[in-house]
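Each chain, letter by letter, is given below.
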Amino acid sequence: MFITDIRKEFYDVVVNQRVALLVSSEIDALCACKILQALFHCDQVQYTLVPVTGWQDLGTAFLEHKEQFRCFVLINCGANVDLLETLQPEEDSIFFICDTHRPVDVVNVYNDTQVKLMIKQDDDLGVPSYDDIFRDEEEEGGNDSGNESDGGSEPSGKRSLITLTFETFHFRREILFDYEQYEYHGTSAAMVIFELAWVLTKDTKDMLWWAIIGLTDQLVHDKITHMKYVTDIATLQRHVSRHNHRNEDEDNSLSIDCMRISFEYDLRLALYQHWSLFESICNSSYTSCNFKLWSMHGQKKLQEFLADMGLPLKQVKQKFNSMDMSVKENLREVIEESSNKYGMKDIRIQTFGVHFGFKNHFLASDVVHATAALLESTEKDDSPGDNFIKALDCLSRSNLERLHGGIDLAKKKLMAIQQTVASCICTNLILSQGPFLYCYLLEGTPDVKLFSKPMALTLLCKYLLKAFVRSTRNKRCKLLPLIIAAPMDVEKRTVIVLGIPPESETSDKKNFFGRAFEKAAESTSSRTLHDHFDTSSKSNVIVIVYIFHKRADMTHYRWALFSIIELKMEDRTKFLDALITLLS
C-alpha cells in the first residue's frame, strides 16, 4: 500500500517502536540511511542497522531479527518482489519500504496491512487497476468462506490472482506484461527521506547534502534520465536557497567549521579538483572517448586542445590546488570555450558543491565516486559489511580523512577502467557475435578483481562501448549492444556477465537482454544465481551470476537493464551460443 502521509503513516508509527533498518549496499541507500539515522537520534528511536547486499542477505537478516522486531524499514530493497511471499513473515510484522526500483510489485501495492510503500506518487508508476488483476479470496468461495476466514492461515492483506478462465488468465498476463516490461529507477530514496525530515521541520544542511549525493549517484551511474535529474535538482536547489537564506545573518556562517552548499554549473571531469587537470581529462569517459585517447592521434589531439586553451603542461599536470590562481580563475569558461570547438558541447553540467570550513571543497560527484570506491574496495580482505560501514562513515563531515581515502581509491579505479578500455580497444578484444558485441576479460588481466564488482563493471562496460563506437568504422557494429564477462570468483569458477543496450542519444530504445538471458540459461541448463536487488536499472546493464530467480508471469524485456547474476565458467560458452541463437 502506498503511504500518502509519510509523517502520520510512517514516522509517527515507528517513533515508538524498536526498528530493524535493512539497507542495501548502494550509495543512494546509504544517504537515505544517514538522514533516517539523524532523525532517529533526534527522537531517541531504538534501531538496529543491518546492511544487506542481496536477497540471500535480506532473507538471513529477517530470520535473525524477526523475533526481536515487528517493525522493519527497508531502503532500496524489497519493492520489486512479492515481499510476503519471499520472507514469509508473521502477520504482525510490518514492512516500510523506501525503494527506487521500479516497477513496484503489484502484490506489495495492494497489500494494505503489512507492506507500506514510501514512494513518490508523482513518479509515473502506471500500476494496473486492482480489479484487473486481483480478486478477494472470499469472492471465490462465497459468503461461507468469508465467515470462516478467521481460521485461515493467509494474511488478511494477501490477495489471490485471477485464475478463473483461460481468457482471464491471458488478459491478466497481458496487463502484467505491459506493466512489468520496462524496469527503471524512480525518485532517489535519499530525497524521499529528506522530504520526511522537511515535513518534520528537522532538516539540516547535512541531511540536504546527503539527499544531493543520493540524486547525484543516480546521475553518475546512469540510473535516471537527464530530464528526471534536472527536475529533481531544481527541487533540491529550492531547499539549498532556503537553508542559505536561513543562515545568512547567523554569526557562525563564516566559522572555521561551517558548511556551505552551493549550486554550481561545473565540468564533467571526474575528481579534477582533487587530481591534476591532465589526469582527470585522461580518465574521464566523456573527454577520453571524444579525444580517442587510446590512440596516438588522440594524444596529439589532447595536446592541441590544451594549447588552444593556452594552458602550459606544467600547470595542467600538477595538482589542481597547486595551479596558479591566474590559471584557475577562469578555468571553467576557458575549458568550455575550447570544448565547443572540439565537439564537446556538454562539458558542463548542473550540480552542487559543498565547503567544509575554508579548506575542504567537494562536488557531489566527488563524494559519489569516493563512496562507490569504498563500497567495492578490493585492496583489503574486508567483508562487505566492513566496506559498508567505511562508506557510511565517509559521508560524515567529521570523517573527512575517510572521504579523502575514498577519493584516492576512486582515482585508482578510474585509471584501471581507462587502461582496461585502452587495452581492449587496441588488442581488438571486442568481437562481433552477430546480434551483439562481446568482450571477455581474462583471469590475468590487470585489475580484473576490481571488475568482479557490479558498479565498477557497469562503468567499464559503458565506457568501453562508447570508446568502441567512437573508434570503429563498421556502421552496423555501432548499432549493437555489448556483453562483457569477467571472472567473479576463481575458486568457485564463476563469472559475472553484463550486457548493455546500443549506444544511442535517444532514451526510448528497448532492451531484450533480460528475456534472452533467462531463455539462454534455461535452454542450456546453465547454473546461475540471481541475488541482487537491482533487477534492472537505467544504467543500461544486465549481469549474470549463478542460479536464476524466477517469478510467475515476470517478463524481462527491458530498456537499460541492470540485472546481476553469476554464471559457472564451464557454462559460459554454451550460454553465449544459446544467446546468439536467440537474438539472431
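The shown structure was predicted, so the numbers you read here are calculated from the model rather than taken from an experiment.

Definitions and cut-offs
Residues numbered from 1 in each chain as written. Predicted model: local features only at pLDDT ≥ 70, side-chain atom pairs only at ≥ 80, totals over all residues. Heavy atoms only, no water. Helix = DSSP H or I, 4+ residues; strand = E, 2+ residues; numbered from the N terminus. Buried < 20%, exposed > 50% of the residue type's maximum accessible area, 1.4 Å probe, protein only. Contact = heavy atoms within 4.5 Å. Areas by Shrake-Rupley, 256 points an atom, 1.4 Å probe, with all protein chains shown as cover. Expected span 1.5 Å × (residues − 1). Pairing = 2+ DSSP bridges. Axes fitted to C-alpha atoms, helices over the stretch in contact; angles between N-to-C directions. Core = buried A, V, L, I, M, F, W, Y, C linked by side-chain atoms within 4.5 Å. Phe/Tyr/Trp six-rings, centres within 6.5 Å; stacked < 30°, edge-to-face > 60°. Lys NZ or Arg CZ within 6 Å of the ring centre and 35° of its normal. Salt bridge = Lys/Arg side-chain N within 4 Å of Asp/Glu carboxyl O. Right-handed = clockwise from strand over helix to strand, strands pointing away. Parallel < 35°, antiparallel > 145°, perpendicular 65-115°, else oblique. Left-handed = near helix turned anticlockwise from the far one by under 90°. Nonpolar A, V, L, I, M, F, W, Y, C, P; charged D, E, K, R; others polar.

Undergrad: Outline the overall build of the protein, supporting the account with residue identities and numerical values.
TA: Looking only at helices and strands, the protein has 23 helices and 19 strands in total. Across the 584 residues of the protein, 57% fall into the buried class. Restricting the contact set of the protein to residue pairs at least 6 apart, pairs at least 24 apart contribute 73%. Carbon and sulfur atoms make up 49% of the accessible area of the protein, which amounts to about 25,500 Å² in all.

Undergrad: Got a sec to walk through helix 10 (residues 205-220)? Specific residues and values, please.
TA: For helix 10, with 16 residues, the first-to-last C-alpha span of 22 Å sits near the 22 Å given by 1.5 Å per residue. Counting buried positions along helix 10 yields 15 of 16 residues, so the element is predominantly enclosed. Downstream of helix 10 by one or two residues, Asp222 has phi in the positive range, about 55 degrees.

Undergrad: Talk me through unusual backbone geometry; I want residue IDs and the actual numbers.
TA: Geometrically, the link from Arg102 to Pro103 is a cis peptide bond, its omega value of 0 degrees lying close to zero. At Thr201, a residue that is not glycine, the phi angle is positive and equals roughly 55 degrees. Inspection of the secondary structure puts Thr201 in the loop between helix 9 (189-199) and helix 10. Residue classification places Thr201 among the exposed residues on the basis of a relative accessible area of 67%. One non-glycine residue, Asp447, lies in positive phi territory at about 65 degrees. Along the chain, the position of Asp447 falls in the loop between strand 14 (437-440) and helix 21 (454-471).

Undergrad: Residue-level account of the sheet that holds strand 1 (residues 19-24), with values.
TA: Pairing in this open sheet of five strands is parallel, and the strands run 2-1-3-4-6 from one edge to the other. Every interior strand has two partners, whereas the edge strands, strand 2 (47-52) and strand 6 (115-117), have only one. Averaged over all pairs of adjacent strands, the angle between their axes in this sheet comes to 20 degrees, without regard to strand direction. Pairing between strand 1 and strand 2: six bridges, direction parallel.

Undergrad: Let's hear about the nonpolar core: which residues, and what values?
TA: Core analysis: the biggest nonpolar cluster contains 77 residues, and Phe10, Leu36, Ile75 and Trp209 have the highest contact counts within it. Here this core takes 10 residues from helix 2 (residues 27-42), the largest share from any one element.

Undergrad: Can you tell me about the sheet that holds strand 12 (residues 360-363), naming the residues and giving the values?
TA: Read from one edge of the open sheet, three strands run 10-11-12, paired in antiparallel fashion. Sheet topology places strand 10 (259-267) and strand 12 at the edges, where each strand pairs with a single neighbour. Each strand axis lies, on average, 25 degrees off the axis of its neighbour in the sheet, ignoring direction. Pairing of strand 11 (residues 348-356) with strand 12 involves four bridges; the strand directions are antiparallel. Residue pairing in the sheet places Phe356 in a bridge with Asn360 of strand 12. Packing against the sheet, helix 18 (residues 364-375) makes contact with strand 11 and strand 12, and its axis sits at approximately 85 degrees to strand 12. Helix 20 (residues 400-426) contacts strand 11 and strand 12 of the sheet and is inclined by roughly 50 degrees relative to strand 12.

Undergrad: How would you sum up the packing of aromatic side chains? Please name residues and give values.
TA: Following the criterion strictly, the structure yields 14 aromatic pairs and no others. Here the aromatic rings of Phe263 and Phe352 are separated by 5.5 Å at their centres, their planes lie at 75 degrees, and the arrangement is edge-to-face. Of this pair, Phe263 sits in strand 10 while Phe352 sits in strand 11, and the two are 89 residues apart along the sequence. Under the relative-accessibility criterion, Phe263 is labelled partly exposed at 32%. Classification of Phe352 as buried rests on a relative accessible area of 1%. When the ring centre of Phe69 is taken as reference, the NZ or CZ atom of Arg18 above it lies at 4.6 Å. Positioned over the ring face of Tyr286 is Arg268, at 4.2 Å from the centre of the ring.

Undergrad: Describe the pattern of salt bridges, listing the residues and the values that go with them.
TA: Counted under the stated rule, the structure contains 16 salt bridges. Residues Glu195 and Lys120 are paired through a salt bridge, measuring 3.3 Å at the closest nitrogen-oxygen approach. Of this pair, Glu195 sits in helix 9 while Lys120 sits in the loop between strand 6 and helix 6 (130-133), and the two are 75 residues apart along the sequence. Classification of Glu195 by relative accessible area gives partly exposed; the value is 22%. Across the salt bridge formed by Lys228 and Asp232, the nearest N and O atoms sit 3.5 Å from each other. Pair noted here: Lys228 and Asp232 are both in helix 11 (residues 226-246), with a separation of four residues, about one helical turn. Comparing Lys228 with Asp232, the two get one shared label, buried.

Undergrad: Could you give me a rundown of the environment of Phe10, with the residues and numbers involved?
TA: By secondary structure assignment, the location of Phe10 is in helix 1 (residues 6-14). Separated by 186 residues in the primary sequence, Phe10 and Leu196 have C-alpha atoms spaced 9.5 Å apart.

Undergrad: How would you explain the pairing of strand 12 if you had to name every residue and give the values?
TA: Every second residue of strand 12 is oriented toward a common face, with Asn360 and Phe362 on one face and His361 and Leu363 on the other, all of them buried. What sits between strand 11 and strand 12 in their antiparallel hairpin is a turn of three residues, with Gly357 showing a positive phi close to 70 degrees.

Undergrad: Run through the pairing of strand 1, naming residues and quoting values.
TA: Most of strand 1 sits out of view: six of its six residues are buried. Side-chain alternation along strand 1 places Val19, Leu21 and Val23 on one buried face and Ala20, Leu22 and Ser24 on a second face that is also buried. With helix 2 bridging strand 1 and the parallel strand 2, this β-α-β connection has right-handed handedness. With five bridges joining them, strand 1 and strand 3 (residues 71-75) adopt parallel strand pairing. What sits directly across from Leu21, in strand 3, is Val73.

Undergrad: Can you tell me about helix 21, naming the residues and giving the values?
TA: For helix 21, which comprises 18 residues, the first-to-last C-alpha distance of 25 Å matches the rise-based estimate of 26 Å (1.5 Å per residue) to within 8%. Of all 18 residues in helix 21, 15 are buried, a share of seventy percent or more.

Undergrad: Go over the packing of helix 18 against helix 19 (residues 384-393), please, and point to the residues and values.
TA: Viewed as axis vectors pointing N to C, helix 18 and helix 19 meet at an angle of 160 degrees, and their least axial separation amounts to 8 Å. When the axis of helix 18 is compared with that of helix 19, the two are roughly antiparallel. In this structure, the crossing between helix 18 and helix 19 has a hand that is right-handed. Every residue of helix 19 that contacts helix 18 at Thr371, Leu374 and Leu375 is listed here: Asn387, Phe388, Lys390 and Ala391. Classifying every residue of the contact of helix 18 with helix 19 gives four nonpolar, two polar and one charged.

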